[in-house]
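Now for the letters of each chain:
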Amino acid sequence: AGCREMLASKLKEEWALQCSDDTPSVIGVLLYGSWNAGVRRRMEQSPTESIRFLHEALGIATAPSNVKYSTHAVEVDSCDESQSICIHDLKAPEELPAIVLLSGQARAVQVPFSKAELTLLTDPRSEETDLKRELGSSVAKAWSALIKSSSSSNKSQCSKVREREAQEPAPLHNLCTNSQVQAVRLFVAGDRSKVGKSSVCLGLLGCLLNSGYAPSELAYIKPATQCEETQLIEKWCKTKGISACVPIGPIVYYKGFTRAYLNGETESSDELLRRAGEAVDDLAKGKRVIIIDGVGYPAVGSITGTDNASVARACGRKNKTHGRIPVPVLLVGKSGVGDAIDSYNLNATYFAHCNVPVIGAVFNKLSIDGYYSLANCKEAIEKYFDRSSTTAFGFIPVIPSLSNVREELGSAEEKLKSALEAADLFVHDFAKRVDVSLIVKAAREASGSLSRKRSAD
């Protein structure tokens, strides 16, 4: 059983086969993230050589028991499926890189190693024999713990465990709640006020729910807002079981806020942004995707140092050595062709100037017919984006029933019911017209690319 890089889905299949086999066996897995630049670079250059040390250590540790073994490496955040499997099935720990041993009795234990031993993950040809000896000892101890955890009455690993179906995987310490691994963060901004940012956020959440995400794996927050009235998305999230919904975040532009700020009567820009970032961090724990809703157009809040670009930077995932990684931005554009593209470029440039990545746009509230119909605009805009480095992810028609939702929410129960039904219809149409999986993938890749670039610098 040679060592090789492997997709998480294939690893899960191998583990399942191992669990159904009576022959004792163990799998050693090196788990790493896209932000672990040294490990990732080594894996790209020579995956087999990069985990040779783990293969050899596991072979020595299991030799007395005559146990089959194999070793693999998995990039935890390479895709949604990989992320889910590594967190929920392999119990990826908070700190990466990490080594986990999996047994045929559906058990998992983590191999502890020191920062010094980390050099073996980035340079397996290291001649540090003491480090290799220490890491080998750690693997042996983990293997011993795995045998004990898999035995119901001090039986050897070679014994058959008849009750394996009733056993739960042994928990790892520091179960992953780190937003770097768990949550893809996406910032939804608009090229103007009332372009439909919150509706797009609702559409994204709805499509993710319908594609298999659990309500507990999703989150929504509007860290800065000009409106304190009840929003449809708040009511909709409640009916769908998405409890991690914060429609009014730490930054509220109430009437007179700007003058109060200029007079030194409010918190500083740094403090406001710090609280926004912490609010997102708290909400992102245990989540797979968190949607961050912008306010107005990109420069709104610039007079107080809390414009959308600054908020996107403050709400990014933490990087141990390079501060926060800015949240990738999805722009919501207007109807039209020339004006729509010009507005997109103007607003994308604002974010780019602040070193915040823009992954592309969705264009909202397009007419069904006429010269500027959805079909006509879509054809022209897609031709433009075919020559661009970003993507037009979708085109959404105007939904009349959603136009006056804000005014209706404080009214009778029947109007609220009607608004929620309209929201469900919107989600259904959104799914047909917007590539949500591609948006999530682009956001993840943008964050990973920026993280690797900073690590390289």
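Everything numeric in this text was worked out from a predicted model, so none of it was measured.

K.L.:
So what exactly am I meant to see when it comes to the packing of aromatic side chains here?
P.N.:
Aromatic rings considered in pairs are described by the distance between their centres and by the relative angle of their planes. Per the counting criterion, the structure on display carries nine aromatic pairs. Residues Tyr 344 and Phe 385 carry aromatic rings whose centres are separated by 5.2 Å and whose planes lie at 65° to one another, so their mutual orientation is edge-to-face. Taken together, the positions of Tyr 344 in helix H14 (residues 338-353) and Phe 385 in helix H15 (residues 374-385) put the pair 41 residues apart, joining distant regions of the chain. Taken together, a centroid distance of 5.6 Å and an interplanar angle of 50° make the contact between Phe 426 and Phe 430 tilted. Pair noted here: Phe 426 and Phe 430 are both in helix H17 (residues 413-433), with a separation of four residues, about one helical turn. Joined through ring pairs, the aromatic side chains of Tyr 344, Phe 363, Tyr 384, Phe 385 and Phe 395 make up one cluster. Here Arg 288 stacks its cationic end above the ring of Tyr 213, 4.0 Å away from the centre of that ring.

K.L.:
Any chance you could explain the packing of helix H9 (residues 197-210) against H17 here in plain terms?
P.N.:
How two helices pack is summed up by the angle between their axes together with the distance between the axes. Two elements in contact, H9 and H17, have axes whose closest approach is 9 Å; the angle formed by their N-to-C orientations is 75°. In terms of orientation, H9 lies roughly perpendicular with respect to H17. Only Ala 423, Phe 426, Val 427, Phe 430 and Ala 431 of H17 make contact with H9, whose side of the interface consists of Ser 199, Val 200, Leu 202, Gly 203, Leu 204, Gly 206, Cys 207 and Asn 210. Per-class residue counts for the contact of H9 with H17 are nine nonpolar, four polar and no charged.

K.L.:
Would you mind going over the environment of Gln 226 with me for this structure?
P.N.:
Along the chain, Gln 226 falls in the loop between strand E8 (224-225) and helix H10 (232-240). Put simply, Gln 226 and Val 252 are 26 residues apart on the chain and 6.0 Å apart in space, counted from C-alpha to C-alpha. Setting aside its immediate chain neighbours within four residues, Gln 226 contacts Tyr 253, Val 295 and Val 300.

K.L.:
Help me understand the confidence of the model for the chain, please; the structure alone is not making it clear to me.
P.N.:
Taken over all residues, the pLDDT of the chain has a mean of 79, while the share at 70 or more is 76%. Here strand E1 (residues 4-5) stands out as the least confident element of the chain, with mean pLDDT 40; helix H13 (residues 308-314) is the most confident, with 97. Of the regions scoring below 50 in pLDDT, residues 152-181 engages in 62 contacts with residues more than four places distant in sequence or in other chains.

K.L.:
How should H9 be read in this particular structure?
P.N.:
One turn of the α-helix equals 3.6 residues, which is why residues spaced by three or four share an orientation. Its 14 residues place the ends of H9 20 Å apart at the C-alpha level, agreeing with the 20 Å of an ideal helix rising 1.5 Å per residue. In terms of burial, H9 is largely enclosed, as 11 of its 14 residues are buried. When H9 is considered as a whole, its buried residues turn out to be Lys 197, Val 200, Cys 201, Leu 202, Gly 203, Leu 204, Leu 205, Gly 206, Cys 207, Leu 208 and Leu 209. Among the residues trailing H9, Gly 212 stands out with phi positive, at a value near 120°.

Rules behind the numbers
Residues numbered from 1 in each chain as written. Predicted model: local features only at pLDDT ≥ 70, side-chain atom pairs only at ≥ 80, totals over all residues. Heavy atoms only, no water. Phe/Tyr/Trp six-rings, centres within 6.5 Å; stacked < 30°, edge-to-face > 60°. Helix = DSSP H or I, 4+ residues; strand = E, 2+ residues; numbered from the N terminus. Lys NZ or Arg CZ within 6 Å of the ring centre and 35° of its normal. Axes fitted to C-alpha atoms, helices over the stretch in contact; angles between N-to-C directions. Parallel < 35°, antiparallel > 145°, perpendicular 65-115°, else oblique. Contact = heavy atoms within 4.5 Å. Nonpolar A, V, L, I, M, F, W, Y, C, P; charged D, E, K, R; others polar. pLDDT = per-residue confidence, 0-100. Expected span 1.5 Å × (residues − 1). Buried < 20%, exposed > 50% of the residue type's maximum accessible area, 1.4 Å probe, protein only.

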